[in-house]
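An overview of the molecular structure
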Amino acid sequence: MTLQFNDETFRDDYSYHNSPDAIRRFPFPFDKDDYMYAVNMEPHGSGRAGSPFENRFDVDEHYVAEMRDREITLKEDPLRCQSLPHMELAGWDLLELIMEAKSEDYPELFSLHRDGDRWHWINRPLGIDHKFTFLDPTTLPYGPMEYITRQAQGDFAVLDQRDGNLWMEAGMVTSQADWSLDFDIGMNFFEWHAPVPLAHEMGIFQRALKFLLAIQQDAPSRRLNWTMTVNPRLDTSPENYHKWGPEKRTLTPENVGEKQYLRVELQTFFRLPRSNGLAFPIRCYLISLQDLVTVPKWGRRLHRVIRDLPDELAEYKGFTVNRPLIVEYLSRFDDGKPTSPGIFPDE
Amino acid sequence: MSAQMLRVTEIEALSPLVKRFRFEHPGGKKLPLFSGGAHVVVEMPDGDLLRRNAYSLISDPQDGSGYEIAVRREDGGRGGSRFMHANVSQGDTLRISTPLNLFALDARARKHVLIAGGIGITPIIAQMRQLLRMQDRFEIHYAARSRSEAAGLRLLPRLPHIHSHISDEGDRMDLGAILDRQPIGTHVYTCGPEGLITAVAQCAARLGWPRGSLHSEVFLAPPPGRTFEVTLAKSGRTVTVGPHQSLLEALEEAEVDIDWSCRGGACGRCETDVVSCHGRIEHNDHWLSEDEHSSQTKIMPCVSRFRGRELIIDR
């Protein structure tokens, strides 16, 4: 099937939309009717055909529009993309990983020809045809990480591994759930997770760090995270809170199904070969509640999860103010019937 | 632990005790690249025993056409290196793990000082190849007892910033002179016998080096000891660990599912909770904290042993 790219926006008139196919393949994050933190890691790279887990880097109908939105955000705030000087090699690692994966997984959209260090990259959806020398940054218009992440959906944190810890020292972050690269850059794993409630006491981060430090090449992992966003906005950054924060107050019983989105992050982890760093892509998927409830299992389950969520988590995820509205809306799609295990829709 | 079968394509004697082995994919497939300091685990089917030894890669990290290691024959060792020397021939295939790096270069360093003693030169060879490629500033100091034993000489290029110190020729490595007057932002990496690593650490401390600028790797072979028994909480079974066997190997022999990587007490993969301990765990690892060691609530089965009445582990 050839991919049709949507002409849509993630700001102003919010014309973002999901096709029926995109709804069916949405990465619904709840495998049961309640939710608590867990180190819910699984191997990544060859998941169910057609799902966002099929390929290492999922390319979907929102690709071109997302890249356009990233360009706008970067123009307004260049600090959304930063790479400390020692992270350049990791940037090349990431460029190689993404180019290899996309050209192998989507040969009709991307191609990569290599003759030693002379590389030829073609990105058809974005109209890019570029010859450059690998490891020579003067042959690219941007640093290697910025160059490739202007062509890849989702945010990217690039982590240095040393002293038994991970350090966020490079990244491209324009579609984040209310965190700031400019604030976090240079922090280690415990420092940038400091604001998360409950999980520290549960020992989650100690266990997660040990797991991540041991991630091996050719054995990437993934997990899903989630929050709620009013309007399909990628850039929900602290820097721009004044733009999107007030939109939370525009929700009414009449428009909640249309304006309230479930925001899911597909977080993946790849060991980078040359730098021994860790690439941490965070891909954002958005679905309106009215689209989500077209899958009956998801409507029932999301109602139960949101209704029973501990208050600290709703507060941290920033939707306490709209929780009653959301629960009231979703309750209309929950007939109390049992749900099947796993995240995928019933056939 | 991901691994693949690779073919031995070259064997070369670098010194009377050290052989270089090159491995390539039998179908000519490119192998995963790695970073300087990484090691692989080589599996050796030796009769009924499956030996697994970790060896640092010495080949160019940017070159996926093959992996190379250098193995010193340890006649008093547990038998892995003797097997490599006596039983492995060109054309054989062995199972080799994906590279893992527990001794990586610190990319922030303004300069890298690499210090090797004896066979400890191996990870430093790959680090050097990476630094040459990245055009980073570095110097190497390699100490060996005699010229004939110094396998590293065959692997090091003749460059003004690469120094060999052959002690029986009267050239002993002077750590004070090496570590003094290095520019701010220099990192030092030491690989070799525990005594060398301690000496570098002490000298650096005396000269006021920040601790975070010191890196080292000791490769631990599981030390031998007395036979001991361990009870497995999940099955109630008891496993006997022989004098020249590690607990990890005994668990593998008993077909207990357990993750591992470095098999030398450094990576943390095989960390195991202790359910109950009446006796003393002989901790030999570099992974657990001092508190964890003294509380006897965790054990690293790859290198640590037990002496006492009863040890029950969560396996």
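The following refers to the structure shown. (Residues numbered from 1 in each chain as written. Chains lettered and ligands numbered in written order. Predicted model: local features only at pLDDT ≥ 70, side-chain atom pairs only at ≥ 80, totals over all residues. Heavy atoms only, no water.)

1. Brief notes about the overall build of chain A
Of the regular secondary structure elements, chain A holds 13 helices and 10 strands. Expected size for 347 residues packed as a compact globule is a radius of gyration near 20 Å; at 20 Å, chain A falls within 12% of this value. Across its three principal directions, the C-alpha atoms of chain A cover 60 × 45 × 40 Å. Here the analysis covers contacts within chain A between residues at least 6 apart in sequence; of these, 71% occur between residues at least 24 apart. (Helix = DSSP H or I, 4+ residues; strand = E, 2+ residues; numbered from the N terminus. Rg over C-alpha atoms; globule rule 2.2 N^0.38 Å. Contact = heavy atoms within 4.5 Å.)

2. A look at the overall build of chain B
Across its full length, chain B holds 6 helices and 17 strands. Its C-alpha radius of gyration of 20 Å places chain B within 12% of the 20 Å reference for a compact globule of 315 residues. When burial is assessed residue by residue, chain B has 52% of its 315 residues classed as buried. Carbon and sulfur atoms make up 46% of the accessible area of chain B, which amounts to about 14200 Å² in all. Seen as two clouds, the 38 positive and the 39 negative side-chain charges of chain B have centres 3 Å apart. (Buried < 20%, exposed > 50% of the residue type's maximum accessible area, 1.4 Å probe, protein only. Areas by Shrake-Rupley, 256 points an atom, 1.4 Å probe, with all protein chains shown as cover. Lys, Arg positive; Asp, Glu negative; His and termini not counted. Charge placed at Lys NZ, Arg CZ, Asp CG, Glu CD.)

3. What to know about the environment of P238 of chain A
All names here are of chain A. As for its placement among the helices and strands, P238 is situated in the loop between β8 (221-230) and α8 (241-244). Judged by relative accessible area, P238 falls into the partly exposed class, the value being 34%. A C-alpha to C-alpha distance of 27 Å links P238 and D7, two positions 231 residues apart in sequence. With sequence-adjacent residues up to four places away left out, P238 is seen in contact with D178, W179 and S180.

4. Digging into the side chain of Q217 of chain A
Mapping Q217 of chain A onto the fold places it in the loop between α7 (204-213) and β8. For Q217 of chain A, a relative accessible area of 6% gives the class buried. Of the polar contacts made by the side chain of Q217 of chain A, one reaches the backbone oxygen of L33 of chain B; its length is 2.6 Å. Filtering out sequence-adjacent residues up to four positions away, Q217 of chain A remains in contact with R271 and P273 of chain A together with S2, P32, L33, F34, T98 and P99 of chain B. (Polar contact = N/O pair within 3.5 Å; in protein donor to acceptor, adjacent residues only side chain to side chain.)

5. Side note on the pattern of salt bridges
One pass over the full model with this rule turns up 54 salt bridges over all chains. Of the charged contacts, one joins D34 of chain A and K32 of chain A as a salt bridge, the two residues approaching to 3.7 Å between their closest N and O atoms. Salt-bridge contacts for R72 of chain B lead to E74 of chain B; the nearest nitrogen and oxygen are separated by 3.3 Å. Assessed through its relative accessible area of 29%, R72 of chain B is described here as partly exposed. Taking the relative accessible area as the measure of exposure, E74 of chain B reaches 35% and is therefore partly exposed. Put simply, E10, E12, R20, R22, E24, E68 and R154 of chain B are held in one network by salt bridges that share partners. (Salt bridge = Lys/Arg side-chain N within 4 Å of Asp/Glu carboxyl O.)

6. Comments concerning the interface of chain B and chain A
Counting residues at the interface gives 21 residues for chain B, matched by 16 residues for chain A. Together, the buried faces of chain B and chain A total about 1800 Å²; carbon and sulfur atoms form 45% of this surface. For the side of chain B that touches chain A, the secondary-structure elements that each account for two or more residues are β7 (100-101) and α2 (121-134) of chain B. Taken together, the residues that form the side of chain B that touches chain A break down as 10 nonpolar, 6 polar and 5 charged. (Buried area = accessible area lost by both parts, 1.4 Å probe. Nonpolar A, V, L, I, M, F, W, Y, C, P; charged D, E, K, R; others polar.)

7. Thoughts on the sheet that holds strand β17 (residues 305-313) of chain B
A sheet is described by the order of its strands in space; here 5 strands give the open sequence β14-β13-β17-β15-β16 (chain B), paired in mixed fashion. Two strands close off the open sheet at either side, each with one partner strand: β14 (238-241) and β16 (298-299) of chain B. (Pairing = 2+ DSSP bridges.)

8. Some points on the sheet that holds strand β4 (residues 118-123) of chain A
All names here are of chain A. The strand order across the open sheet formed by 3 strands is β3-β4-β5, and the pairing between neighbours is antiparallel. Looking at which strands have only one partner, the edges of the open sheet turn out to be β3 (110-115) and β5 (128-133). The mean angle between the axes of side-by-side strands here comes to 10°, regardless of whether they run parallel or antiparallel. The pairing of β3 with β4 spans 6 bridges and is classified as antiparallel. Bridge pairing in β4 places L112 opposite W121. (Axes fitted to C-alpha atoms, helices over the stretch in contact; angles between N-to-C directions.)

9. Quick notes on the environment of D178 of chain A
All names here are of chain A. Structurally, D178 is set in the loop between β7 (165-172) and α5 (181-184). Separated by 140 residues in sequence, D178 and G318 have C-alpha atoms that sit 9.2 Å apart. Excluding residues within four positions of it along the chain, D178 makes contact with T236, S237, P238 and W244.

10. A look at empty space enclosed by the protein
Using the criterion set out here, one finds 7 cavities of 30 Å³ or more in the structure. Reported here for the largest cavity is a volume of approximately 120 Å³. Of all the secondary structure elements, the ones that give two or more residues to the lining of the largest cavity are β9 (260-271) and β10 (278-288) of chain A. When residues in the lining of the largest cavity are grouped by element, the largest group, 3 residues, is from β10 of chain A. Taken together, the residues that form the lining of the largest cavity break down as 7 nonpolar, 4 polar and 4 charged. Surrounding the second largest cavity, 13 residues form its lining, Q217, R271 and N276 of chain A together with P99 and N101 of chain B being those nearest its centre. (1 Å grid on protein atoms, 1.4 Å probe; cavity = no way out; pocket = protein on both sides within 12 Å on 5 of 7 lines; lining within 4 Å. Points joined across faces, edges and corners; volume = space filled by probe spheres on them.)

Take it as geometry only, folks, not as evidence of what the structure does.
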